[in-house]
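What the coordinates show
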4 protein chains.
Amino acid sequence: MINAGIIGATGYTGAELVRILSGHPDVKLSAITSRQYANTDFAEIYPAMKSIVDLECEEYSLKTFAHKVDIAFTALPHKLPMKFVPDLLDSGLKIVDLSADFRFKNISTYEAYYQPHSAGRLSEKSVYGLCEVNFDCIKDAELVGNPGCYPTSVLLPLVPLIKNRLINFNSIIADSKSGVSGAGRSISLATQFCEVNEAFKAYKIASHRHTPEMEEVLSIEAGESIQLTFVPHLIPVTRGMLTTIYARLEQTIKEKDIRSCISDYYSSSPFVRIYPENMLPDIAYVKGTNFCDIGIKTEEKTGRLILISAIDNLVKGAAGQAVQNMNIMMGLDETSGLRNIPFPV
Amino acid sequence: MINAGIIGATGYTGAELVRILSGHPDVKLSAITSRQYANTDFAEIYPAMKSIVDLECEEYSLKTFAHKVDIAFTALPHKLPMKFVPDLLDSGLKIVDLSADFRFKNISTYEAYYQPHSAGRLSEKSVYGLCEVNFDCIKDAELVGNPGCYPTSVLLPLVPLIKNRLINFNSIIADSKSGVSGAGRSISLATQFCEVNEAFKAYKIASHRHTPEMEEVLSIEAGESIQLTFVPHLIPVTRGMLTTIYARLEQTIKEKDIRSCISDYYSSSPFVRIYPENMLPDIAYVKGTNFCDIGIKTEEKTGRLILISAIDNLVKGAAGQAVQNMNIMMGLDETSGLRNIPFPV
Amino acid sequence: MINAGIIGATGYTGAELVRILSGHPDVKLSAITSRQYANTDFAEIYPAMKSIVDLECEEYSLKTFAHKVDIAFTALPHKLPMKFVPDLLDSGLKIVDLSADFRFKNISTYEAYYQPHSAGRLSEKSVYGLCEVNFDCIKDAELVGNPGCYPTSVLLPLVPLIKNRLINFNSIIADSKSGVSGAGRSISLATQFCEVNEAFKAYKIASHRHTPEMEEVLSIEAGESIQLTFVPHLIPVTRGMLTTIYARLEQTIKEKDIRSCISDYYSSSPFVRIYPENMLPDIAYVKGTNFCDIGIKTEEKTGRLILISAIDNLVKGAAGQAVQNMNIMMGLDETSGLRNIPFPV
Amino acid sequence: MINAGIIGATGYTGAELVRILSGHPDVKLSAITSRQYANTDFAEIYPAMKSIVDLECEEYSLKTFAHKVDIAFTALPHKLPMKFVPDLLDSGLKIVDLSADFRFKNISTYEAYYQPHSAGRLSEKSVYGLCEVNFDCIKDAELVGNPGCYPTSVLLPLVPLIKNRLINFNSIIADSKSGVSGAGRSISLATQFCEVNEAFKAYKIASHRHTPEMEEVLSIEAGESIQLTFVPHLIPVTRGMLTTIYARLEQTIKEKDIRSCISDYYSSSPFVRIYPENMLPDIAYVKGTNFCDIGIKTEEKTGRLILISAIDNLVKGAAGQAVQNMNIMMGLDETSGLRNIPFPV
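To keep things clear, this report deals only with the structure shown in the data block.

Each value, and the rule that gives it
- What you see as residue numbers is a count from 1 along each chain, following the sequence as written.
- Chain letters and ligand numbers both follow the written order, the letters beginning at A and the numbers at 1.
- Side-chain atom pairs in this predicted model are given and counted only at pLDDT of 80 or more, local residue features only at pLDDT of at least 70, and totals for whole chains, interfaces and linings cover all residues.
- Working from all heavy atoms in the structure, the side-chain values ignore hydrogens and water.
- Alignment of the copies relies on least squares applied to C-alpha atoms, considering only residues that score at least 70 for pLDDT in both.
- Here, two residues are considered to be in contact whenever any of their heavy atoms come within 4.5 Å of each other.
- Each helix is a run of H or I in the DSSP string that is no shorter than four residues. Each strand is a run of E no shorter than two, and both are numbered from the N terminus.
- Aromatic rings from Phe, Tyr and Trp, taking only the six-membered ring of Trp, are treated as a pair when their centres fall within 6.5 Å; an angle between ring planes under 30 degrees marks them as stacked, one over 60 as edge-to-face, and anything in between as tilted.
- For the exposure calls, accessible area comes from a 1.4 Å probe over protein chains only, and a residue counts as buried if that area is under 20% of its type's maximum, exposed if over 50%, partly exposed in between.
- Here, over-ring charges are defined by two tests on the NZ atom of lysine or the CZ atom of arginine: distance to the ring centre within 6 Å, and angle to the ring normal within 35 degrees.
- Here, two cysteine sulfur atoms that lie within 2.5 Å of each other are counted as a disulfide.
- Buried area adds together the accessible area that both of two parts lose upon being put together, with accessible area traced by a 1.4 Å probe.
- Basic side-chain nitrogens of Lys or Arg form a salt bridge, by our definition, when they fall within 4 Å of a carboxyl oxygen of Asp or Glu.
- Any N or O atom pair separated by 3.5 Å or less is treated as a polar contact, with the protein-specific requirement of one donor-capable and one acceptor-capable atom, and with residues adjacent in sequence counted only for side-chain atom pairs.
- Residues were grouped as follows: Ala, Val, Leu, Ile, Met, Phe, Trp, Tyr, Cys and Pro as nonpolar; Asp, Glu, Lys and Arg as charged; and all remaining residues, including Gly, as polar.

Further remarks concern the relation of the copies chain B and chain C. For the pair chain B and chain C, the superposition axis carries a translation of 0.0 Å, the fit reaches an RMSD of 0.0 Å, and the rotation angle comes to 180°. Those values place the two copies in the arrangement expected of a two-fold rotation axis. Both copies share a contact surface, since 100% of the interface residues of chain B are interface residues in chain C too.

What follows is the structure, encoded as structure tokens:
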């Protein structure tokens, strides 16, 4: 039995980690921390967990925490993990960090989009936790930077095609639509019910800081610099993210070639589901699961490829992928604790 | 391993049975039938189940079906089960019927609200599957009539109080609010998105046919005839049912007495969660689970008791309670396959 | 042309006043104030109003404000209006106050549920602005206390029956369901999208402070003290309020008698729509309008009456009724500016 | 006073026409027809209209209908208008047809995407009713083909840029998101509440038949053939359509040039609102109105332009634009009957 702990357990991502780890057959959730709710029962904050989760939120203390757990999930706002992680590593823990702090190889990119990095030297050690792409490195990692939700939904369909150079690298556009839980549990006017319900808008057009994260990974896979256009939108649903990707096909490529390329790449990836011709993903089909569903369509008249990916932003886009990373790091079955069956409706 | 089958697997209730049984550790889902979708892969009808459920819908045939399964769930419109069930029983199967056909002891009540009954003699044999109330009878039952969703939400909070005569029997009012999935998957104008979204209304006021079902059970528990006022409403959500019950307290009863009475009655019932003072149920807290959450409040100035119950209409209100009945009938742990952890959001 | 002003124009109720008054044929909206958004264009705060509302929010100043307007709407949190209103009255303005500050005749009731009242002496002068009930007094009023949303939905169906003593005064239960905009624009965790969406719950059971407001009005109409049970719930919609009322009928009263009684009472009230037998209100039918729709059903077996009322909480439950009050106070047609036609969907 | 009639008044588009025309100061709604609801009061089908619309649906008869009205709106499924329109024109009526039947100049394109056309010769006479673009032709038209909702949202932002050749004609991608009312009132599984709620998906990728409509208009404006990629998605809201358009800028064009170009083109168009830098449209801002809101953003690193347009699919995308067309055809003020003020929430 592995002892796991969560630093920052009461945000939506932290609470989703609690949900998944509470049902994980190989893990004991041994410690959860919260600044805001120290010494409060988790089930008081999330009444849904009554009679299921019997844990009290603790004030974080390195010594107490490190003593209880083998692996830590840091589910904190950007900037905080860079303060905690070095000491946790020194205490011998493995870490999956869900912030942006350890996602970048190029620290100056991180600093341009976020803030100065006080533990930038760890970028060499940290592995970008896109499980299906970096499986082998994750196996040996002590520190994993868990991918952002948008990057996960953009990268999984694109990486096989980039690696195999089937699309034009200058032609990529990603139009993403996310459920509201992606904004987290912090209160704000923008995420009040009446501001979001029966509404739909784009935001941070061509300026969202998940863009450099996507570009760094695509560039690494391509072996050359790739830039893309990324526009996120907000859907009035709690969970789910759908991304529609547009790109120019390199000549002579057919839809079945694209489908084969992606299917081959993910042939041993249990959480990627490639859709057959004439079927398309829906965020409803992946809700509560760790799946990334991918639909494929080519348009002859324009020579364009259209890819659709769907994930649950809180699962494959955050807590689920974090647990998948833990499974891989700890030598467990990749799907352990992640076999949640989706609702029919 | 128990072999289970579902007759009528493609409606919302049937599909929810598929979801639960596919994750049940002690059950193999061996046969599913559908008139409308015979010879179609279940995952084609419900793409969410791709790579999870590998079953084809069969045209129903007694011989084939009875050969494959130990226990059958009939998830069909009222009137159809009364045709199938006698032969299935004769073939040695146990049955949980999710329609109203086998819920009533008094067949003339059934016939007054539904239609003539062609297998009314089975009413002696059948057990009303309100698990927490009829546990001992269910253990020995071959045929269980699974309760309606509204009756489940009304009866669980009331039965202990009726049995202990803590409330006035003529004073009961149940004001229920249900998610839209309760109407099933059959298409209709009334359940089109644009007719339900941003809407809220009462329907079948004081004339819903779940009322006699509630009244029969309450009367049995009371040992005298009880009639209540029942008004259902439609909430623009997919899943969930919240019932607000009003009743006059018998003199000298305090809120803590009510809480004790209900808590004692359900002390060994894992799926009933009694809320402490100043906490109230929400359908969000039970979504996807088999819980029935109960909140309690007394109002001194009027001498009234107010009870709030919350269930997921497709789980505790239908498929979950059906599986709970199966677990009890088959001697399994009551909670087997039903330990789904709710989402934090 | 009447010059109107709004003190507190940027909350949802204030903004709804802006919407209605901007389209009012007999009114010029001459001044709007906001503490939070002083010196900001209203259309910057509410981009929907771009090219429609060309007004800047002002910091409130008695002198400037009183100079510009004939009638003021105070759309502020409880307690603030009692500070502003006396001076505004002294400056010769008429006032419709949308808070609770001037709704009560009995100031000790107000003080028991809200806070000490610094302008309690105005209770003699102020008129409770339930337009259809207090029309004649409103005509001559200088200060109107605009009713709460819940009281409006509870009182309109009940007043005629109370006045005619058709129901038992000790038997009244009001089970209300409100859209989220009733909670206003102030941010809070409880009204974040993810906390409300796909959720449904009761709150402030038998303790909501709209209860004494209902009881005072009912008691005045009855000529004796009436107490009722009131339970509010939150529906995941932006606008709309549906109230289901239960009461015991006095003997020999039939459904058609109830319908006649209510229809007669409102025979000259353009905003009350009484539904015929077998038709029921839906909040969708009144959205954006000043209507109060009323459905009626009697239940013979229990001797109970069930009433359903539907309003738009922001219109008839707040800003619309406030404008209706202004129309009456200013001698305009009661429906002026309030003939918004509802959406079919 | 102009006498207007609606053929097919009970679908969502027809009912929206009823809503708008009932409040139109210069129009009397004199006749409404319905096959399904002949001889039924409109307010019985749409109870929201009780006490507002006092019209009975008639069975359509050319003679009776043509006698009563000066202008007809045909709100019928594609293929039916081509049967009715020739006789209506012969009877001297003006017509706004809301189907696709009279939108195309090139009848073979229509026939390739819809069906054989029995009144194709009228294509010379009919005018494409994109009001802001074809104003002068509409003034003199007897027959207007009212644009599709998707084409309206795609064409309004693009036409000025195409005309001024500011973008690359081969680079256009339109990613549209529509509310569910666009699918109409006909019942189907795909638009049942539980299938759409908390869901989001693309459909008819690169194969929707609004694409050739867009391409014909863009090609006419460009004076050369233009093809674009169009992908529609379904948002779980009742009303609203947001389109995100991507295109390559021709060299040296800056964001302010784009904004000027579009602003100049629509300088006398009251229903187009161009957003300033750093503000973006939301479908919530246009709900219930005839506005088309346009947001503009350029991305230097990729040389791309991103345009966002928002309309209410039932108003500017259907019934509102149809009334705007009528206003222009009849010499009325373009905005008459269309000055609905949007809700703040």
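Turning next to unusual backbone geometry. Residues other than glycine seldom take positive phi values, yet Lys 79 of chain C does so here, at roughly 90°. Along the chain, Lys 79 of chain C turns up in the loop between strand E4 (71-74) and helix H4 (81-90).

Attention shifts here to the relation of the copies chain D and chain A. Once chain D has been moved 0.0 Å along the axis and rotated by 180°, it coincides with chain A to within an RMSD of 0.0 Å. Most of the interface of chain D is mirrored in chain A: 100% of its interface residues are interface residues there too.

Before going further, it helps to examine the packing of aromatic side chains. Going through the model one piece at a time under the given rule, you end up with 42 aromatic pairs over all chains. Taking 6.0 Å as the distance between ring centres and 70° as the angle between the ring planes, the aromatic pair formed by Phe 104 of chain D and Tyr 110 of chain D counts as edge-to-face. As far as the burial class goes, Phe 104 of chain D and Tyr 110 of chain D line up, both buried. Above the plane of the ring of Phe 343 of chain A lies Arg 239 of chain B, whose end atom (NZ or CZ) is 4.1 Å from the centre.

Within this structure, the stated rule accounts for zero disulfides over all chains. The thiol sulfur of Cys 57 of chain A is not disulfide-bonded, and the nearest other cysteine sulfur, from Cys 194 of chain C, lies at 19 Å. Here Cys 194 of chain B is not disulfide-linked; the sulfur of Cys 149 of chain D is the nearest cysteine sulfur, at 12 Å.

Attention now moves to the interface of chain B and chain C. Opposite the 47 residues of chain B that make contact, chain C presents 47 residues. The junction of chain B with chain C conceals about 3,800 Å² of combined surface from both sides, 58% of it contributed by carbon and sulfur atoms. Between chain B and chain C we count four salt bridges in total. Close ionic contact of Glu 215 of chain C with Lys 301 of chain B constitutes a salt bridge, the shortest N to O distance being 2.5 Å. For the pair chain B and chain C, the interface holds 28 residue pairs in polar contact (both at pLDDT 80 or more). By residue class, the composition of the side of chain B that touches chain C is 24 nonpolar, nine polar and 14 charged.

What follows concerns the pattern of salt bridges. Throughout the structure, instances matching the rule amount to 72 salt bridges over all chains. Across the pair Asp 333 of chain B and Arg 339 of chain B runs a salt bridge whose closest N-O atoms are separated by 3.7 Å. On the basis of relative accessible area, Asp 333 of chain B is assigned to the partly exposed category, the value being 44%. Looking at Arg 339 of chain B, the relative accessible area reads 53%, which means it is exposed. Between Arg 103 of chain D and Glu 213 of chain D there is a salt bridge, with its nearest N and O atoms 3.0 Å apart.

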